[in-house]
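# Examining the three-dimensional arrangement
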Amino acid sequence: MSRHRRSKTPGNRPREARANAHSSSSTGIARLSESDLFDRIAEVEDVLLLVLDGVQDPHNLGACLRSAEGAGVLAVIVPRHKASPVTETAVRVSCGGAMYVPVVSVANMARFLGRIREECGIRVVGTADESDCDLFESDLTGSLAIVLGAEGEGMRRLTKENCDTLIRIPMLGRVECLNVSNAAAVCLYESLRQREFG
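The rules behind the values
- Residues numbered from 1 in each chain as written.
- Predicted model: local features only at pLDDT ≥ 70, side-chain atom pairs only at ≥ 80, totals over all residues.
- Heavy atoms only, no water.
- Phe/Tyr/Trp six-rings, centres within 6.5 Å; stacked < 30°, edge-to-face > 60°.
- Lys NZ or Arg CZ within 6 Å of the ring centre and 35° of its normal.
- pLDDT = per-residue confidence, 0-100.
- Contact = heavy atoms within 4.5 Å.
- Salt bridge = Lys/Arg side-chain N within 4 Å of Asp/Glu carboxyl O.
- Helix = DSSP H or I, 4+ residues; strand = E, 2+ residues; numbered from the N terminus.
- Buried < 20%, exposed > 50% of the residue type's maximum accessible area, 1.4 Å probe, protein only.
- Core = buried A, V, L, I, M, F, W, Y, C linked by side-chain atoms within 4.5 Å.
- Pairing = 2+ DSSP bridges.
- Axes fitted to C-alpha atoms, helices over the stretch in contact; angles between N-to-C directions.
- Expected span 1.5 Å × (residues − 1).
- Polar contact = N/O pair within 3.5 Å; in protein donor to acceptor, adjacent residues only side chain to side chain.

### Things to note about the packing of aromatic side chains
The description of an aromatic ring pair uses the distance of the two centres, along with the angle that the planes make with each other. Per the counting criterion, the structure on display carries one aromatic pair. Geometry around phenylalanine 38 places arginine 115 over its ring, the cationic atom sitting 3.7 Å from the centre.

If you want it as structure tokens, here you go:
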């Protein structure tokens with residue numbers, strides 16, 4: 001006995017985001033190689049990078065790209081393995097962010113963080129719930145890479161060890177932490193506030 005299957009239409013595709021009125025119809029994705037990123041960093045004063053250490057959900061990746069574009073991030077850095085690729089869903093959720101903020105895949109995140117610190121003078125600030133340093137008391141100006149970990153697991157050990165500072169977002173309610181895309185937006189816009197408005 002054969003089962004009747006519904007046809008795959010935009011409204012019933014599994015794991016596909018709904019159409020967004022603010023998104024572009026173009027599927028263009030900004031990409032950059034690791035070596036090209038270092039060339040771009042050399043040309044920019046007070047670089048702001050967003051590093052996502054193993055974010056798995058394309059919806060979260062897309063939301064992070066949208067916030068990164070709005071906050072003036074030069075590039076979003078992701079590990080080559082064990083991370084969400086820039087899928088159609090991520091592009092749609094980014095509402096254009098994926099077209100303007102390049103995503104750079106790196107083979108070794110710990111080595112990359114060490115290199116941007118040593119060769120480019122970029123401070124690496126990671127987010128961790130166990131940190132005693134509050135986001136709103138931290139200096140997020142100058143050349144900076146903000147690092148956020150995977151959903152649920154946080155940053156990997158070597159990534160955390162390659163951060164200059166660990167900060168936490170204060171939580172006054174009963175939930176322990178924010179979703180990674182919300183945390184990215186909070187951190188990026190606090191950096192933007194400090195840079196633009198003191």
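That shown, we press on.
### Some words on the confidence of the model for the chain
Scored by pLDDT, the chain comes out at a mean of 87, with 86% of its residues at no less than 70. This stretch, residues 8–26, has a pLDDT under 50; its non-local contacts, to residues over four places away or in other chains, come to 22 contacts.

### Describing the pattern of salt bridges
Overall, the coordinates contain seven salt bridges when judged by the stated rule. For arginine 157, the salt bridge is made with glutamate 161, and the minimal N-O distance between the two is 3.0 Å. Here glutamate 161 and arginine 157 lie together in helix H6 (residues 157–161), a separation of four residues that amounts to about one turn. By relative accessible area, glutamate 161 is classed as exposed at 52%.

### Quick word on the nonpolar core
General note: in soluble globular proteins, nonpolar side chains tend to be found buried as a group. Leu50, Leu52, Val76, Leu148 and Leu188 are the most contacted members of the largest nonpolar core, which totals 31 residues. For this core, the elements supplying multiple residues, two or more each, are strand E1 (48–53), helix H2 (58–71), strand E2 (75–79), helix H3 (88–93), strand E5 (144–149) and helix H7 (180–197). Core analysis: the second largest hydrophobic core is formed by 22 residues, Leu32, Leu49, Val104 and Met109 among them.

### A few points about the sheet that holds strand E3 (residues 103–106)
With parallel pairing, six strands are arranged side by side in an open sheet as E3-E2-E1-E5-E4-E6. Of all strands in the sheet, those bounded by a partner on one side alone are E3 and strand E6 (165–167). Taken pair by pair, the neighbouring strands of this sheet meet at an average axis angle of 25°, ignoring direction. Sheet topology places E1 next to E2; three bridges connect them, and they run parallel. In the sheet register, leucine 50 faces E2, and the bridge partner there is valine 76. In the packing of H2 onto the sheet, the strands contacted are E1, E2 and E3, and the crossing angle to E1 comes to about 170°.

### A word on H2
Taking 1.5 Å of rise per residue, 14 residues should cover 20 Å, and H2 covers 20 Å from first to last C-alpha, within 8% of that figure. Taken together, the buried positions of H2 are occupied by Asn60, Leu61, Gly62, Cys64, Leu65, Ser67, Ala68 and Ala71. The inward-facing, buried residues of H2 abut E1, E2, H3, helix H4 (97–100), E3 and H7. One side-chain oxygen of the residue at the start of H2 lies 2.8 Å from the amide nitrogen of histidine 59, identifying that residue as aspartate 57. Where H2 ends, the next residue or the one after it, glycine 72, has phi of about 80°, a positive value.

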